[in-house]
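Each chain, letter by letter, is given below.
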Amino acid sequence: MIKESISDRLLKATFYVIIAIFSVYCLVPFYAVVASSFTTESEIVKNGYMLLPKKFSLEAYKLIFQDNTIYRAYGVTMFVTLIGTALSMLFTSALSYAISSKTVKYRNAIAFYVYFTLLFHGGLVTSYLLISKYLGMKDSIWVLIIPSMISAWNMFLLRNFFATIDDSLSESAKIDGANDAYILFRIILPISLPAIATIGLFYALGYWNNWFSALLYINDPHKYPLQYLIQRIMNNLDFINQVAPSANVNIPDYIPPAITVRLATTIVTIGPIIFLYPFLQKYFVKGLLVGAVKG
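Worth saying up front: this structure is predicted, and the values here are computed from it rather than measured. (Residues numbered from 1 in each chain as written. Predicted model: local features only at pLDDT ≥ 70, side-chain atom pairs only at ≥ 80, totals over all residues. Heavy atoms only, no water.)

## Remarks on the overall build of the protein
Phase 1: In terms of helices and strands, the protein carries 14 helices and zero strands.
Phase 2: Listed N to C, the secondary structure of the protein is α-α-α-α-α-α-α-α-α-α-α-α-α-α in terms of helices and strands.
Phase 3: In the protein, the share of contacts with a sequence separation of at least 24, taken over all contacts with a separation of at least 6, comes to 75%.
Phase 4: On the protein, roughly 18,400 Å² of surface is accessible, and the fraction owed to carbon and sulfur atoms is 67%. (Helix = DSSP H or I, 4+ residues; strand = E, 2+ residues; numbered from the N terminus. Contact = heavy atoms within 4.5 Å. Areas by Shrake-Rupley, 256 points an atom, 1.4 Å probe, with all protein chains shown as cover.)

Structure follows, in structure tokens:
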């Protein structure tokens, strides 16, 4: 074993201190959001954001969870995120493997067709007409999944990762009689966990934060996802705050919970998904580095 010198230990200790300070610098604002969401609106207005609130209050969370709508929206978002991520990874992996395989005859033409969608988009009107009128998916929960099932950027990132895998693995499997489906699911994907975790996290975040599709295509309140429901709650609060002064509504020592509700919605919406990142962090970094080796 090579013994570290005193200068190496001091340098390593300095790096640890810098990383610790930077971590605290990043965590303090998030902790301030969490702490300030458990106080009253009047305290926020008077004293600003606090690390230790003087008055504890659950008013913002009671407003958000006042009925069962929020729980139903959580269920819709969980379903869309889980099923959407699984289907997206299935189709994206299949398309990426086909384009990366040198035995596919028209793989360059298919890659250009996918790449073309990154440069040009049909627009909102044409997409709305296609999805709602011709595909008949309006007011269906699948409209939150199918239109965004394959991302061209994620597909190319995964294709670049597949391109770094030695061709001898698939060639030897074909000699033994394996087909492409067996090679993909039993050979390629098991050794591609860094890329799978990275792309899966991208898809999961996209499905979890998607609210614009619900705004366009969902009219049934039972099918509202969480992000869109939170958006409606915030719009209603803004409307109340604008109408109350003009209507001469004045309750002594009461301020409508606008800021605290925004803070509480931040915690409610990012809470479940933020705990997923620590388990995928090592794959996330490695997948980005390896997937960017080849273009």
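## Overview of the packing of helix H8 (residues 167-175) against helix H9 (residues 180-188)
Phase 1: Between H8 and H9, the shortest axis-to-axis distance is 10 Å and the interhelical angle comes to 130°. Taken together, the axis directions place H8 and H9 in an arrangement best described as oblique. Here the hand of the crossing between H8 and H9 comes out right-handed. For the pair H8 and H9, the contacting residues are Leu169, Ser170, Ala173 and Lys174 in the first and Asp180, Ile183 and Ile187 in the second. (Axes fitted to C-alpha atoms, helices over the stretch in contact; angles between N-to-C directions. Parallel < 35°, antiparallel > 145°, perpendicular 65-115°, else oblique. Left-handed = near helix turned anticlockwise from the far one by under 90°.)

## Points about the packing of aromatic side chains
Phase 1: Applying the stated rule across the entire model yields eleven aromatic pairs.
Phase 2: Between Tyr115 and Phe156, the ring centres sit 6.3 Å apart and the planes meet at 80°, which makes this aromatic pair edge-to-face. Here Tyr115, found in helix H5 (residues 107-119), pairs with Phe156, found in helix H7 (residues 152-163); they are 41 residues apart in sequence, far enough to count as distant.
Phase 3: Here Phe156 falls in the buried class, since its relative accessible area comes to 14%.
Phase 4: With a centroid separation of 5.9 Å and 90° between ring planes, the pair formed by Trp211 and Phe212 is classed as edge-to-face.
Phase 5: Exposure remark for Phe212: the relative accessible area of 39% places this residue in the partly exposed category.
Phase 6: Through successive ring pairs, a cluster of aromatic residues spans Phe38, Phe56 and Tyr61. (Phe/Tyr/Trp six-rings, centres within 6.5 Å; stacked < 30°, edge-to-face > 60°. Buried < 20%, exposed > 50% of the residue type's maximum accessible area, 1.4 Å probe, protein only.)

## Details of the packing of H7 against helix H10 (residues 193-209)
Phase 1: Viewed as axis vectors pointing N to C, H7 and H10 meet at an angle of 175°, and their least axial separation amounts to 10 Å. With respect to each other, H7 and H10 are oriented roughly antiparallel. Across from Asn154, Leu157, Leu158 and Phe161 in H7, the residues of H10 making contact are Pro194, Ala195, Ile196, Ile199, Phe202 and Tyr203.

## Quick notes on the pattern of salt bridges
Phase 1: Evaluated as defined, the whole model comprises three salt bridges.
Phase 2: With a shortest N-O distance of 3.5 Å, Lys102 and Asp167 are connected by a salt bridge. Of the two residues, Lys102 is situated in the loop between helix H4 (69-100) and H5 and Asp167 in helix H8; the sequence distance between them amounts to 65 residues.
Phase 3: The closest approach of N and O atoms between Lys174 and Asp180, which form a salt bridge, is 3.7 Å.
Phase 4: Lys174 sits in the partly exposed class, given a relative accessible area of 33%. (Salt bridge = Lys/Arg side-chain N within 4 Å of Asp/Glu carboxyl O.)

## Comments concerning unusual backbone geometry
Phase 1: At Asp139, a residue that is not glycine, the phi angle is positive and equals roughly 65°.
Phase 2: Tracing the backbone through its elements, the reader meets Asp139 in the loop between helix H6 (124-134) and H7.
Phase 3: Under the relative-accessibility criterion, Asp139 is labelled partly exposed at 26%.

## Points about the environment of Ala32
Phase 1: Residue placement: Ala32 occurs in helix H1 (residues 6-36).
Phase 2: Since its relative accessible area comes to 13%, Ala32 is described here as buried.
Phase 3: Taking C-alpha positions, Ala32 is 8.3 Å from Leu52, a pair spaced 20 residues apart along the chain.

## A word on the side chain of Asn210
Phase 1: Of note, Asn210 is situated in the loop between H10 and helix H11 (212-217).
Phase 2: A distance of 3.5 Å separates the side chain of Asn210 from the backbone nitrogen of Phe212, its partner in a polar contact.
Phase 3: Ignoring anything within four residues of it in the chain, the contact list for Asn210 reads Leu144, Pro225 and Gln227. (Polar contact = N/O pair within 3.5 Å; in protein donor to acceptor, adjacent residues only side chain to side chain.)

## A closer look at the nonpolar core
Phase 1: Counting residues in hydrophobic clusters, the biggest one holds 31 residues, and the most contacted among them are Val80, Val143, Leu144, Phe162 and Ile188.
Phase 2: Of all elements in the fold, only H4, H7, H9, H10 and H11 reach the threshold of two or more residues within this core.
Phase 3: If we skip the residues at most four places from it in the chain, Val80 touches Thr85, Ile141, Leu144, Ile145 and Tyr207.
Phase 4: Ranked by size, the runner-up nonpolar core spans 18 residues in total, among them Ala60, Ile64, Leu229 and Ile230. (Core = buried A, V, L, I, M, F, W, Y, C linked by side-chain atoms within 4.5 Å.)

## Structural notes on the confidence of the model for the protein
Phase 1: Per-residue pLDDT for the protein has a mean of 82; in total, 86% of the residues score no lower than 70.
Phase 2: Averaged pLDDT values over the elements of the protein bottom out at 58 in helix H14 (residues 277-291) and peak at 91 in H4. (pLDDT = per-residue confidence, 0-100.)

## What to know about H9
Phase 1: Residues Ile183, Leu184 and Ile188 constitute the buried set of H9. Looking straight down H9, one finds that the buried residues subtend no more than 95° of arc, so they occupy a single side.
Phase 2: Against H4, H7 and H8 lie the buried residues of H9. (Arc of directions from axis to C-beta.)

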